[in-house]
Amino acid sequence: MNDTPLFQVSATPIDIPAIRQAMLDTDCGAYAQFEGWIRNKNDGRAVDRLEYEVYEPLAVAEGLRIIEEAMQRFKLKRAMVVHRSGLLELGDSAVVVAATSPHRDEAFKGCRYIIDEVKVRLPIWKKEHYASGEREWVNCQECENPRN
Amino acid sequence: MKQVHVRWFAAYRDLTGVESETLDTEATTPAALFDELKGRHPRLGARHAALVAINDEMSDWSSPLNPGDTVLFFPPVSGG
């Protein structure tokens, strides 16, 4: 077993072959990998690029908790997440989730569980930069008092 | 009255115009503290899907606040 950290925040492009290499395990017959990409539109608005703000101390702690939950619940051999921070361009990988298990069903389910939890539990925020020149924090329509 | 430290992130930092602040409060929970701070930062809206942490541990809005705590207010998250 290697000592690659199971949850990482990366300010530079994610090295996907390195993740596969770190996960490689001859006890396992299944390797599932989910990759989240930067898409060119959201809610009908053309997106040019975006930035992620990550509060790293808690993102790492909570990310490791999610991985631990998935490993127990789905009997994974190993699971790993790398999430980007900083400025990203269209087509860049925002997040990579990887899971290994003896058989594919657990690997798929574990991978799915991890990405779903990552999206709702980690202190990570996405600011979209639109083609119009505007910039907006995602999911934050109600953050500002409408009376202002 | 007790002194607590507050940190604002992402959209909340933009709306309050500050990254962190220290204040004396009678608030006994993060929920009450947030409501109190809406008076100081009128651009802050409802906290529906927001999350809160105390001293770098994810917390509940109804957890007890202790003197010297650092309360982290997280606007709705959007990772992944």
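Scroll up to find the structure.
Each chain has its residues counted from 1, running along the sequence as written. Working convention: letters from A go to chains and numbers from 1 go to ligands, in the order in which they are written. Residue-level local features of this predicted model are given only where pLDDT is at least 70; pairs of side-chain atoms are given and counted only at 80 or more, and the full residue set underlies all totals for whole chains, interfaces and linings. Excluded from the side-chain calculations are hydrogens and water; all other atoms, namely the structure's heavy atoms, are used.

*Asks:* So what's going on with the overall build of chain A? Which residues, and what values?
*Replies:* Where helices and strands are cited, they refer to DSSP runs of H or I of at least four residues and of E of at least two residues respectively, numbered from the N terminus. Within chain A, the secondary structure is distributed over 3 helices and 9 strands. Written out in order from the N terminus, the α and β elements of chain A read β-α-β-β-β-α-β-β-β-α-β-β. Counting only C-alpha atoms, chain A reaches 55 × 30 × 25 Å along its principal axes. Buried residues are those whose accessible area, probed at 1.4 Å on protein chains only, stays under 20% of the maximum for their type, while exposed residues exceed 50% and partly exposed ones sit between those limits. Out of the 148 residues belonging to chain A, those deemed buried represent 48%.

*Asks:* Describe the environment of E144 of chain A, and please don't skip the residues or the numbers.
*Replies:* Structurally, the position occupied by E144 of chain A is in the segment after β9 (135-137). You can call E144 of chain A partly exposed: its relative accessible area is 32%. For the pair E144 of chain A and F108 of chain A, spaced 36 residues apart in sequence, the C-alpha to C-alpha distance is 38 Å. N or O atoms closer than or at 3.5 Å make up a polar contact, with two conditions inside protein: a donor-capable atom paired with an acceptor-capable one, and, for residues adjacent in sequence, both atoms drawn from side chains. There is a polar contact of 3.2 Å between the side chain of E144 of chain A and the side chain of R43 of chain B.

*Asks:* Which residues make up the interface of chain A and chain B, and what values do they have?
*Replies:* Listed by partner, the interface residues are 29 residues for chain A and 27 residues for chain B. Buried area: the accessible area, evaluated with a 1.4 Å probe, that two parts lose upon being put together, summed over both parts. Regarding the contact of chain A and chain B, the summed buried area is about 2,300 Å², with carbon and sulfur atoms giving 54% of it. Only one rule defines a salt bridge in this text: a Lys or Arg side-chain nitrogen within 4 Å of an Asp or Glu carboxyl oxygen. At the boundary of chain A with chain B, the tally comes to 3 salt bridges. Between D14 of chain B and K127 of chain A there is a salt bridge, and its shortest N-O distance comes to 3.7 Å. Run the count over chain A and chain B and you get 17 residue pairs in polar contact (both at pLDDT 80 or more). Going through the elements one at a time, β4 (45-54), α2 (56-74), β7 (93-101), α3 (104-121) and β8 (124-130) of chain A are the ones with two or more residues in the side of chain A that touches chain B. Three classes are used, and their members are as follows: Ala, Val, Leu, Ile, Met, Phe, Trp, Tyr, Cys and Pro are nonpolar, Asp, Glu, Lys and Arg are charged, and the others, Gly among them, are polar. Looking at the side of chain A that touches chain B, its residues break down into 16 nonpolar, 4 polar and 9 charged. It only takes one pair of heavy atoms within 4.5 Å for two residues to be counted as in contact.

*Asks:* Account for helix α1 (residues 16-23) of chain A, naming residues and giving values.
*Replies:* All names here are of chain A. Taken as a whole, α1 has its buried residues at I19, A22 and M23. All buried residues of α1 project into a common sector of 95 degrees when viewed along the axis, lining one side. Exposed residues pointing more than 90 degrees away from the buried face of α1 are listed as P17 and Q21. Residues of α1 that are buried make contact with β2 (30-37), β5 (78-84) and β7. Starting at the helix axis, one direction is taken to each C-beta atom, and the arc is that of these directions.

*Asks:* Any details on the state of the cysteines? Residues and values, ideally.
*Replies:* Residue and element names in this part refer to chain A. We call a pair of cysteine sulfur atoms a disulfide whenever their separation is within 2.5 Å. Enumeration over the complete set of coordinates arrives at 1 disulfide over all chains. With a sulfur-sulfur separation of 1.8 Å, C140 is cross-linked through a disulfide to C143. Its S-S torsion of about -85 degrees marks the bond between C140 and C143 as left-handed, since a negative value means left-handed. As far as burial versus exposure is concerned, C140 and C143 are alike and both buried. C111 provides the cysteine sulfur closest to C28, a residue in no disulfide bond, and the two sulfurs are 13 Å apart. Residue classification places C111 among the buried positions, given a relative accessible area of 5%.

*Asks:* A description of helix α2 (residues 30-40) of chain B should follow, citing residues and the corresponding values.
*Replies:* Residue and element names in this part refer to chain B. P30, A31, L33, F34 and L37 are the residues of α2 that are buried. Around the axis of α2, the buried residues are gathered within 160 degrees of arc, so they sit on the same side. Structurally, α2 contributes buried residues whose contacts are with β1 (2-8), α1 (10-16), β2 (20-25), β3 (51-54) and β5 (70-74).

*Asks:* Describe in detail the packing of aromatic side chains, supporting the description with residues and values.
*Replies:* The criterion for an aromatic pair is that two Phe, Tyr or Trp rings (for Trp, the six-membered ring) have centres within 6.5 Å, with stacked assigned to planes under 30 degrees apart, edge-to-face to planes over 60 apart and tilted to the rest. One pass over the full model with this rule turns up 13 aromatic pairs over all chains. Seen from their ring centres, F9 of chain B and F74 of chain B are 5.0 Å apart, and the 65 degrees between their planes marks the pair as edge-to-face. Of this pair, F9 of chain B sits in the loop between β1 and α1 while F74 of chain B is found in strand β5, placing the two residues 65 residues apart along the sequence. Ring pairing ties together the aromatic residues W8, Y12, F34, W61 and F73 of chain B, which thus form one cluster. Two limits define a charge over a ring: the Lys NZ or Arg CZ must be within 6 Å of the ring centre, and within 35 degrees of the ring normal. A cation over an aromatic ring shows up here: R45 of chain A above the ring of Y130 of chain A, its NZ or CZ 3.8 Å from the ring centre.

*Asks:* Can you explain the pattern of salt bridges? Please cite residues and give values.
*Replies:* A pair can form between side chains of opposite charge whenever their charged atoms are brought close. All names here are of chain A. In total, this model carries 16 salt bridges over all chains according to the counting rule given. Of the charged contacts, one joins D25 and K77 as a salt bridge, the two residues approaching to 2.6 Å between their closest N and O atoms. Taken as a pair, D25 in the loop between α1 and β2 and K77 in the loop between α2 and β5 lie far apart in primary sequence, 52 residues in all. Residue classification places D25 among the buried residues on the basis of a relative accessible area of 18%.

Purely spatial values, then, with no claim about function.
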